[in-house]
Every structure is written in structure tokens, then in C-alpha cells.
Amino acid sequence: MRRIKILLVVLLSCTSFAGLAQKGTAFVGINGGISLPMGNWSKSNYIVNTQGYSNDPSGFANKAGIGSLDGAYFFSRYIGVGALVSYASYNIKDIDVLSGGYRESFDVDRVTTTASSYKMLNLLAGLYFNFPVITKWSVTARALAGVTDASTPQITVDVEDGGVDDGTFEQKQSNKTAFALNGGIGIRYKVLKCFAINLRGDYFYSKPDFRIENTERHNSAGRLVNEYNQPLSGINVSLGVAYCFGWK
Amino acid sequence: MKIYISFARKVLSGFVATVILFTGGCNKKESTVTPAPPSNEFLTTVELSLHNTADPTDTLLAIWRQLDPTGSAPPDTSKAILNLKANSTYSAQVIILDETQSPAAVVSDEIKVRENYHLLFFQPTPISASNLIISNTSTDIPASDGTVTSATGPYLNLTVSRTDLDANSPPLQIGLTDDFVTGAASNGWLRVVLRHQPNVKNGTYDPGSTDFDVNYKVNIN
């Protein structure tokens, strides 16, 4: 009981302090940086199967550039509500590994593999936190939820053996909108009265259940991904600027 | 109001510029060409092992051999002969070896592992045009791929049918095990071709390329 009372006092103090602080401030920020995929999505396994199909979870996602636009309204000194729009395009990494798996699975002289990229557009909203530490410096954090509109790469494989082109098969691009989470922390340095620089690190997560069409697959051999239900997660590290309203 | 619109435009322009700056440069197609590593395996020897289903003592082994991997020397066909009994059925097995290795590597085991895109064809000749059957279950080789039909005969009275199936869906024939059915006494040739049909195997001869193409003398007595 005593612990609950202490907790209530602390919470009320924070709330009232926050309430007395700079209400009604807001910012709009633009960030750019690098997105680092994690988990199976970022793996690039060498898959050889001569006697059937293999639906391997490795996603071959490479690190990507990411751009984002966000903004928040702080109804207290520390807590605000805001939204984020971000876009990233992840090229395929280790395409030689992917291509080599097809070559060995079909035991052919030559395979030519071409792949486009994963694309992710995120629309998220949630809570923003701002904790001033010393003059001009503050620590920021956010916890967001929303949707991601993601697409898988189109992968084209041309098979050639004994001087004969045995045709091309394709893993078609697939698009899916899914629930997404994003959260992280950063530091903010106030350069001018209305401008600040942000350095952020954020974790992102979504798990679209892609259904993927494959064309011209006639014989059971090699990697065949007709469903991809792996987490698309990773870390975004970004640097940006923010224009702030109502700062003192 | 104009100030806000102008500001919003600047923010959006900045976002688009940031997206292009950070993602545009990386948004390209990846492409690669993967060649095969230098091969250390050759198809030097093709054996036909036959067992008369009605007579256990009637077994045959016909051997076509080409030990020169470059193919410049002529093949050894001294044992590429099948002496079959008339009106009999033989169960046959195709054994493919690489005799440049010691001990010889059994390549047909490898072909079995890669059965989903390999297919064997068996063409007895002389054959009449009406008996040359081209379908996705026939072992015959189309006239456009070298089979010469004869209008007058005499014909080789041999029919070959495959007895094994691969793991494709639906399954397709392979030809590593077969039935040889003889008719009346006759003489001729049996052409055996292994087709490598990566992702294009459909039961017919034309897709893909040829791994070997060999001939056996056939006597039916």
C-alpha cells in the first residue's frame, strides 16, 4: 500500500510538473539514415535442392537508405503525440549465393539472376517523449504503431545449359499491408531558436504474410518461395533536423 | 495561411529530397551471372544391364565406352552389343559411369538424385514412320532429332518402355529402369540419349540439351 502511495505521488508530481512546463510545443522533422535488417530477413542461405522445392526463410535483404518525416505535438513538457512517415528500399544482398543455389539445384552451366528490392512505406503514430538533460541537449524517445506497406523483390532466373537457353522463371513481386511497430531513442541538440539536430536509433517490426506468385516453374528443384511470413525487422540509425514551434 | 502552406511545401520537399538522397541511390536491380565451376566428372561409360524376366540365366551387359573426355578418339563399341531372345521381356537398368576416376564414379546415382530434370530416350531402328510415336510417355526420338524412318523394313522388333518415375508433380518418367520387349527375330540399332532438361522437363525430347547420345547393335534371335 505504501509503495502504491509513493508511486501515485511520483506520477502526480511528474504530471503536474509536466503540466506546468512548456505546453503546446511541437516540431516537424526530416531524417535520413541507414536501415539495418535483422533476423531471417537479412540472412542469405545457400539453398540447393535437386529433388524438390525449398521454401527457405532467408530474405537476402541488404542494408538500405531510409528517409522519414515526423512531427509531434507536446501536450506537456515531456510527452506528446505524433506521427511518422518513412520509406526504405532494401536491395538484395549476396545475389551470387542466391544464383549459385539455383545453378547447383539444376546442375547447369550458367544461371543469370536479377532481383529488384524490398520496399517499405511506413505510416505510424504514437507517443513521443522529450527529456531535457542540459542546455540545448535533450533525450528523445518514441513508441509508435501503425501500418507498413511492403513489397518483396521480383527475382528473375535465366537457366542455360549445354549451349541451350532453358528459359526464364520468375518470383513475382508481392505487396502486403500489415501492422507495424517502431520505437527508439535519440538525442536532440538545439542549434538555433527553432532548429535542432536529431540523432536517432529505432527498432522497427512488421510481419506481412506475403503470398508470392511464381511463374514458369516446371520441375521440382531449387528454391521456391510462394509464401513469406517472416518478420521484417531491424534497426534504423538516422540523422536529421527538426523545426520547432513554441520553443523558448 | 500562405505561410503555413509555404512551410508545408518546404517540409514535404525536404522529405522527398531526403528519401531520394538516402534511398534513391541504392534502389537498383541486382544482377549476377553464375557459371558452373570446372567439372571433374565425365560420362565415359554407358552400360545396359538386362535380365530376361522369364529366364534368370539370360542376363546381358552391353557397354559403350569413351574414355577420352575430349571425345577426339573413337568410342570403344566392341561390347556395345545386345543379343536378345525373340518374344521375350527384359528388365533393364541403365548404368552410367565415369571411368576416368578410380574407382569409377557411378554417375547414374547422381542422375537419380537429379531425376526431376533428366530423361532417357531409346530409339530402335529401323522403324516405320507409323511406329514412331511421339508423346510425353514415349521413348521414341522425333524424326526432327535424327530418327530415320524406313518405308520398307525389315524393322527391329524391339519396344522399350520406362518403368521409373521422378518426384515432379505430376510425376514424369526417367528411364534409368526400363522394360525391353522383343518380337520376332530381327537386327538393328538402339540409340540411347540422356536429355538434361533443367526446369523444362515435360516428358518430350526437345527441351534441354543432350548429356550423351550412344548406339548399341541389337540382334534378336
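Please refer to the structure higher up on the page.
Residues numbered from 1 in each chain as written. Chains lettered and ligands numbered in written order. Predicted model: local features only at pLDDT ≥ 70, side-chain atom pairs only at ≥ 80, totals over all residues.

Novice: Would you explain the overall build of chain B in this entry?
Specialist: Along chain B, the regular secondary structure elements total 2 helices and 11 strands. Going from N to C terminus, chain B has its helices and strands arranged as α-β-β-β-β-β-β-α-β-β-β-β-β. Within chain B, the fraction of its 221 residues that count as buried is 35%. In chain B, of all internal contacts separated by at least 6 residues, the share reaching a separation of at least 24 is 64%. (Helix = DSSP H or I, 4+ residues; strand = E, 2+ residues; numbered from the N terminus. Buried ≥ 20, exposed ≤ 12 C-beta atoms within 10 Å, placed from the backbone. Contact = placed C-beta atoms within 7 Å.)

Novice: Help me understand the interface of chain A and chain B, please; the structure alone is not making it clear to me.
Specialist: One frequently used descriptor of interface size is the decrease in accessible area upon assembly of the parts. With 47 residues of chain A at the contact, the number on the chain B side is 36 residues. When contributions to the side of chain A that touches chain B are tallied by element, the ones reaching two or more residues are strand S1 (25-37), strand S3 (64-74), strand S4 (79-90), helix H2 (95-106), strand S5 (110-115), strand S8 (155-161) and strand S9 (164-171) of chain A. Class assignment of the residues belonging to the side of chain A that touches chain B gives a composition of 17 nonpolar, 22 polar and 8 charged. (Nonpolar A, V, L, I, M, F, W, Y, C, P; charged D, E, K, R; others polar.)

Novice: Just to check I follow, could you spell out the environment of Arg110(A) for this structure?
Specialist: Topologically, Arg110(A) is positioned in strand S5. Classification of Arg110(A) as partly exposed rests on a count of 16 C-beta atoms within 10 Å. Put simply, Arg110(A) and Ser99(A) are 11 residues apart on the chain and 9.4 Å apart in space, counted from C-alpha to C-alpha. Filtering out sequence-adjacent residues up to four positions away, Arg110(A) remains in contact with Glu160(A), Val33(B), Thr34(B), Pro35(B) and Ala36(B).

Novice: How should the pairing of strand S16 (residues 232-245) of chain A be read in this particular structure?
Specialist: Along any regular strand the residues' side chains alternate between the sheet's two faces. Residue and element names in this part refer to chain A. Direction of pairing for S1 relative to S16: antiparallel, over a ladder of 12 bridges. Across the sheet, the residue bridging to Gly-29 is Ala-242, located in S16. When strand S11 (residues 195-206) meets S16, the two strands line up antiparallel, connected through 12 bridges. Residue pairing for S16: Tyr-205 is matched across the bridge by Ser-233. (Pairing = 2+ DSSP bridges.)

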